[in-house]
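# Overview (structure and organization)
Residues per chain are reported as follows:
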Amino acid sequence: MKQLFSFIRKEFHHIFRDRTTVMILLLMPVIQIILFGFALSTEVKDTKVVVLANTNDDATQRIIDRIDASEYFDVAIMAHNSSEINAAFRDGKAKLAMVFENHFSENLKHTGTAHIQLIADATDPNAATSFMFYAINIINNYQQDISQSQAGGGMIQPEVKMLYNPQMISAFNFVPGVLGMIMILICAMMTSIAIVREKEMGTMEILLVSPMKPIYTILSKIAPYFVLSVINFLTIMLLSVFVLKVPIVGSFTSLFAVSLLYIFVALSLGLLISTITNSQLAAMMISGMGLMIPVMLLSGMIFPVENMPPFLQFISNFVPARWYIDAVKTIMIKGLSITTVMKDIGVLVLMGTVLVTISLKKFKVRLE
Amino acid sequence: MIKYLLKKEFKQIIRNPFLPIMIFMFPLLVLLVFPWAASYEIKNLNLSVVDNDHSSYSRRLTQSIISSNYFRLTDKSASYNKALKSIENNKADIILEIPQNFEKSIINREPVKVMLSANAVNGMKGGIATTYLSMIIGDFNATLVSELFPEMAGSSSNIIQIDSQYRFNKHLNYQVFMVPALMVMILTLLCGFLPAVSIVFEKELGTMEQINVSPVPKITFILAKLIPFWIIGFIAITIGFLVAWLDYGLIPVGHFYIIYAFAAIYIFAISGMGIVISNFASTLQQAVFIVFFFMMLFIMLSGLYTPVDSMPEWAKWIAAFNPLKHLMIVMRSIYLKGSNFTQLGGELAALLGFAVFFNGLAVLSYKKTN
Amino acid sequence: MTKRFGSFTAVDNISFEVKKGEIFGFLGANGAGKTTAMRMLCGLSIPTEGKGTVAGYDIYTQPELVKKSIGYMSQKFSMYEDLKVWENLELFGGIYGMSDEIIKIKTDELMASLNFEEERDKLVKSLPLGFKQKLAFSVSIFHTPKVVFLDEPTGGVDPITRRRFWEMIYDATARGITVFVTTHYMDEAEYCDRVSIMVDGRIEALDSPENLKKQFHAKNMDEVFQQLARKSTRKAD
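### Notes on the environment of B:Lys7
All names here are of chain B. Of note, Lys 7 is situated in helix 1 (residues 2-15). With 16 C-beta atoms packed within 10 Å, Lys 7 lands in the partly exposed category. Along the backbone, Lys 7 and Ala 224 are 217 residues apart, and their C-alpha atoms lie at a distance of 8.9 Å.

Here it is as structure tokens:
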């Protein structure tokens, strides 16, 4: 035991000597949380609008005012003809154009119908559908307000309740994802690099030949990254609760337990990677390309898995992060008990066991 | 002298077991897989209905929701609590609870409330689900009104007809949006990351010292490192164009030479940045990490995942210093809108500025003697 | 010359001259400051204080001219392992300004004299250690520099290979190349014209091996070194 601890201490010294890397490892979750929490959002705000209204009458002005007053829009340009609209789009000065037909108010009063044309820059189709939607809503609301069939308009009243995340804060969706990614990064990537570096330098053989059991060698290599992951987990939790105001609704113990499980799986992944390559560069490439990208894309961290084509959804099942993120969302944000996530836990346990078994087998082969 | 160094660099790249694969496979993989995975489109919203009224109106309401094609009915539950289980299991996204006196209230012209409970873990999804559902309910409401109380409806109806049009991307194709952005990401990884790694690798091996002891001038060495990766970058984008065309039917509206010109400036800038990082890193692991860290930051703040326009002011400010963000605007604009140099003047200036800054810094910070 | 890193003085006011065509041994324990001193002479590091000229050029003001006239072989034998034998020669020859024809001719000569005909097209990483060592040395003097700096060139090879290596060094001096070599193998000190012994950053002895043995009443250089090393207070790195 004492041997083990002295080796673990040596590993810690090794790692902390490289201050830059350690700083980045500890800083990355903080920065990601801040960015995801405050900077990244899919909400459209202050979309620039260009308006073409040759008759600047009452109804036109009212509608324009409502659009401008809305937080989603900012009426930036009053155009005089359609080529000005085209130019505004080309130069990126507006994303939405509103064209009122001539004699708008008159037509509305006397014929009962009038036309507005909404043209959206659909380069970003999501944003386009969003603000188109909001614009139509605003116009519809105006129409309802001036319409005299007021009484019939409000019989069935929808009452809306947003479960788990009443203010629809996007951070609720992102925080579990950040957790998933940071852990994999530290545990899988860093662990595999550390072990492979030892192999590259040739000191691994010395360790294996020593009276210390190989399992202890492995444990000592893993220990510092385990600790770093736990620190990062706690950091992220603190930031979530106090800075992002994302509460931990469910049991913290359950959350911690599931996270430990995930860390275990990630560490075994790192171990496995270290057994298949002898070069640090290769270990980095594999964990970088082979892990990061699937995690970012297919784990549900940013893009919802439900939207993906079936083939990708199938592959997503093999990404440990996907199960972990699901479990975190259920426990942390929905506040449900750990029994609800038995499936996720089961899958993670299975993955962990398989990975560890393969790695240990390969490790033993190395010895012979 | 540079010809000898260039020969060496090319030979090393070709003989490397990983690099050639990465250079060809990586762009292919990213462009083929990413656009399918990366979408925020909300499709197939799952609805759970708790119908406490079991009346013809409540059934009609449910029917009209389903026929709107936005929602899929996953289950009908006897109680709200049972329905909640579906949400907990992620089988349903939203619950509609219709109260017992639904039909009666409507016939008596009394207001009646229906409960919409949405899973808002994904706030956007929850918002869209409730909004769509509310809209459908509103339409249903209007239909009922015109049936039951025809004297109310139809009187001085002021109808504003809205004609909505989508420009540059008529079919609201998300792939069209992602592909140009992905090309930027690929370029960044190939031309920013790889040269940096290559230099730090030589530092670790010790061959860098051999070069520093020789009369090779700083600039020559740096150029010899960069040029092969510039060429690789061009190859990568060309592959990108082919994939975009063959797989997604995407052809840029604007001119190719403008894209290549911008790409050249960008590659120049980003490889300079890679060199700067490599000058300050002493081990390979450090270099990889620092580059990775910056890449991650830049990618997140570039508009690849979420629009820069949606960011708060301070984030927009940081994004202004992000070369990726500018190139993404360039790529998307040229591909979808056919923009030219004048229209992209701001981006041109920014990218040129970055190129000069990073490469100047690279040459200054590379020290043969210290 | 003096070199300080913060409060640590690695090289403490050393002074010496190396004559043209000499084999000058720069000895000392690990951590004594040999490599630091050599790096200053090669233009890799700027002295904190002092002066130096190599091949007639000032190491402060003319480092690039110094580099044109010297050769260097490091402990790691820094050649490009993923390049072939002849490719390394072509690269370094080209860097030092040799024309393509001359490079070709001299490569052929070198391959013949080293009996490397079969190895010519092999990647350096596939060569055994002794071959790599010979090749590294040959690369360092390929462009016939005025001075060649060798940093612990014989690390890790067997005594016979070491002996052969020193024969190559003698050949080089016969061609007029000055050899400046650091080593911690004291028996190799016997092969040098003059040696200096560094202890804790200072030169504690500087003379021919015979004179030093007389001065310290020692049978061999090893004993001379032992006597001096006892005074050392610095730990090896």
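### Regarding helix 10 (residues 252-276) of chain A
A rise of 1.5 Å per residue sets the reference length of helix 10 of chain A, with its 25 residues, at 36 Å; its end C-alpha atoms lie 36 Å apart and thus fit the reference within 8%. In terms of residue burial, helix 10 of chain A counts as a mostly covered element, since 19 of its 25 residues are buried.

### Quick notes on the confidence of the model for chain C
Per-residue confidence for chain C gives a mean pLDDT of 88; residues scoring 70 or more make up 98%. Per the prediction output, this complex has pTM 0.79; the corresponding ipTM is 0.84.

### Considerations on the sheet that holds strand 5 (residues 159-167) of chain B
Strand order in the open sheet formed by five strands is 2(A)-1(A)-3(A)-4(A)-5(B), with mixed pairing between adjacent strands. Unpaired on one side and paired on the other, strand 2 (73-79) of chain A together with strand 5 of chain B mark the two borders of the sheet. Along the sheet, successive strands turn relative to each other by an average axial angle of 25 degrees, direction set aside. Sheet analysis places strand 1 (residues 47-53) of chain A next to strand 2 of chain A, joined by six bridges and oriented parallel. In the sheet register, A:Leu52 faces strand 2 of chain A, and the bridge partner there is A:Ala79. Against the sheet, helix 5 (residues 104-111) of chain A touches strand 3 (96-100) and strand 4 (113-121) of chain A, its axis set at about 135 degrees to strand 4 of chain A.

### Quick notes on the interface of chain A and chain B
On the side of chain B, 79 residues touch chain A, which itself brings 87 residues to the contact. Broken down by secondary-structure element, the contributors of at least two residues to the side of chain A that touches chain B are helix 2 (19-39), helix 4 (82-90), strand 4, helix 6 (125-146), strand 5 (156-163), helix 7 (171-201), helix 11 (280-298) and helix 13 (320-333) of chain A. At ten residues, the largest contribution of residues to the side of chain A that touches chain B is made by helix 6 of chain A. Across the side of chain A that touches chain B, the residue classes break down as 51 nonpolar, 25 polar and eleven charged. By the bridge criterion, nine bridges tie strand 4 of chain A to strand 5 of chain B in an arrangement that is parallel. Residue pairing for strand 5 of chain B: A:Leu118 is matched across the bridge by B:Ser164.

### A word on the sheet that holds strand 3 (residues 94-98) of chain B
Think of a sheet as strands paired side by side through backbone hydrogen bonds, with each pair either parallel or antiparallel. Strand order in the open sheet made by the five strands is 5(A)-4(B)-3(B)-1(B)-2(B), with mixed pairing throughout. Every other strand in the sheet has two partners, leaving strand 5 of chain A together with strand 2 (71-77) of chain B as the edge strands with one partner each. Each neighbouring strand pair of the sheet contributes to a mean axis angle of 25 degrees, computed without reference to strand direction. Both strand 5 of chain A and strand 4 (residues 112-119) of chain B contribute to a ladder of eight bridges, which runs parallel. From the neighbouring strand, A:Val160 faces strand 4 of chain B, where its bridge partner is B:Leu116. In the packing of helix 6 (residues 123-148) of chain B onto the sheet, contacts are made with strand 5 of chain A together with strand 1 (45-51), strand 3 and strand 4 of chain B, and the angle to strand 4 of chain B comes to roughly 155 degrees.

### Details of the packing of helix 1 of chain B against helix 3 (residues 85-95) of chain C
Put simply, helix 1 of chain B and helix 3 of chain C touch, their axes get as near as 9 Å, and they point 150 degrees apart. On the basis of the axis angle, helix 1 of chain B is roughly antiparallel to helix 3 of chain C. Two packed elements cross with a definite hand, and for helix 1 of chain B against helix 3 of chain C that hand is left-handed. In this structure, helix 1 of chain B uses B:Tyr4, B:Lys8 and B:Lys11 to contact helix 3 of chain C, whose residues at the interface are C:Glu87, C:Glu90, C:Leu91, C:Gly94 and C:Ile95.

### Some words on the pairing of strand 9 (residues 194-199) of chain C
Residue and element names in this part refer to chain C. The buried fraction of strand 9 amounts to five of the six residues, a majority that puts the element mostly inside the structure. Pairing between strand 3 (residues 23-28) and strand 9: five bridges, direction parallel. Across the sheet, the residue bridging to Gly 25 is Val 195, located in strand 9. Of the pairings in the sheet, the one linking strand 9 to strand 10 (residues 202-207) comprises five bridges and is antiparallel in character. Residue pairing in the sheet places Met 198 in a bridge with Ile 203 of strand 10.

### Here's the deal with the interface of chain B and chain C
Across the boundary between the two partners, chain B contributes 18 residues, which contact 22 residues of chain C. Among the elements of the structure, helix 1 and helix 8 (207-212) of chain B are those that each provide at least two residues to the side of chain B that touches chain C. Element by element, the count of residues in the side of chain B that touches chain C is highest for helix 1 of chain B, at five residues. A per-class count over the side of chain B that touches chain C returns six nonpolar, eight polar and four charged.

### A few points about the environment of B:Val184
Residue and element names in this part refer to chain B. Examined against the element boundaries, Val 184 turns out to sit in helix 7 (residues 174-205). Judged by the 29 C-beta atoms lying within 10 Å of it, Val 184 falls in the buried class. For the pair formed by Val 184 and Ser 365, sequence separation is 181 residues and the distance between their alpha carbons is 26 Å. Each residue touching Val 184, except ones within four places of it in the same chain, is listed here: Leu 324, Leu 327, Met 328 and Met 331.

### Structural notes on the arrangement of the chains
The interface with the highest contact count, out of two pairs of chains in contact, is the one between chains A and B. Separated throughout, chain A and chain C approach each other most closely at a C-alpha pair spaced 14 Å apart.

### Re the domain arrangement of chain A
You can read the domains of chain A as domain 1 (2-40 + 170-367) and domain 2 (47-151). The distance between the C-alpha centroids of domain 1 of chain A and domain 2 of chain A comes to 50 Å.

### Here we look at the pairing of strand 3 of chain B
Residue and element names in this part refer to chain B. Counting buried residues in strand 3 gives five out of five residues, a clear majority hidden from the surface. Burial along strand 3 is two-sided: the residues Ile 94, Leu 96 and Ile 98 and Ile 95 and Glu 97 are all buried. The sheet contact formed by strand 1 and strand 3 spans five bridges and is parallel. When the bridges of strand 3 are listed, Ser 48 appears paired with Ile 95. With four bridges connecting them, strand 3 and strand 4 associate as antiparallel partners. By the bridge assignment, Ile 94 is partnered in strand 4 with Ala 118.

### A closer look at the packing of helix 7 of chain B against helix 9 (residues 218-248) of chain B
Residue and element names in this part refer to chain B. Running from N to C, helix 7 and helix 9 point in directions that differ by 160 degrees, and their axes come no closer than 10 Å. In terms of their interaxial angle, helix 7 and helix 9 are classed as roughly antiparallel. At the point where helix 7 passes helix 9, the crossing takes the right-handed sense. Each of Gln 175, Val 179, Met 183, Ile 186, Leu 187, Leu 190, Cys 191, Leu 194, Pro 195, Ser 198 and Ile 199 in helix 7 lies in contact with helix 9, whose residues at this interface are Lys 225, Leu 226, Phe 229, Trp 230, Ile 232, Gly 233, Ala 236, Ile 237, Gly 240, Ala 244 and Tyr 248. Grouping the constituent residues of the contact of helix 7 with helix 9 by class yields 17 nonpolar, four polar and one charged.

Cut-offs applied
- Residues numbered from 1 in each chain as written.
- Chains lettered and ligands numbered in written order.
- Predicted model: local features only at pLDDT ≥ 70, side-chain atom pairs only at ≥ 80, totals over all residues.
- Helix = DSSP H or I, 4+ residues; strand = E, 2+ residues; numbered from the N terminus.
- Buried ≥ 20, exposed ≤ 12 C-beta atoms within 10 Å, placed from the backbone.
- Expected span 1.5 Å × (residues − 1).
- pLDDT = per-residue confidence, 0-100.
- Pairing = 2+ DSSP bridges.
- Axes fitted to C-alpha atoms, helices over the stretch in contact; angles between N-to-C directions.
- Contact = placed C-beta atoms within 7 Å.
- Nonpolar A, V, L, I, M, F, W, Y, C, P; charged D, E, K, R; others polar.
- Parallel < 35°, antiparallel > 145°, perpendicular 65-115°, else oblique.
- Left-handed = near helix turned anticlockwise from the far one by under 90°.
- Domains from an automatic or database assignment.

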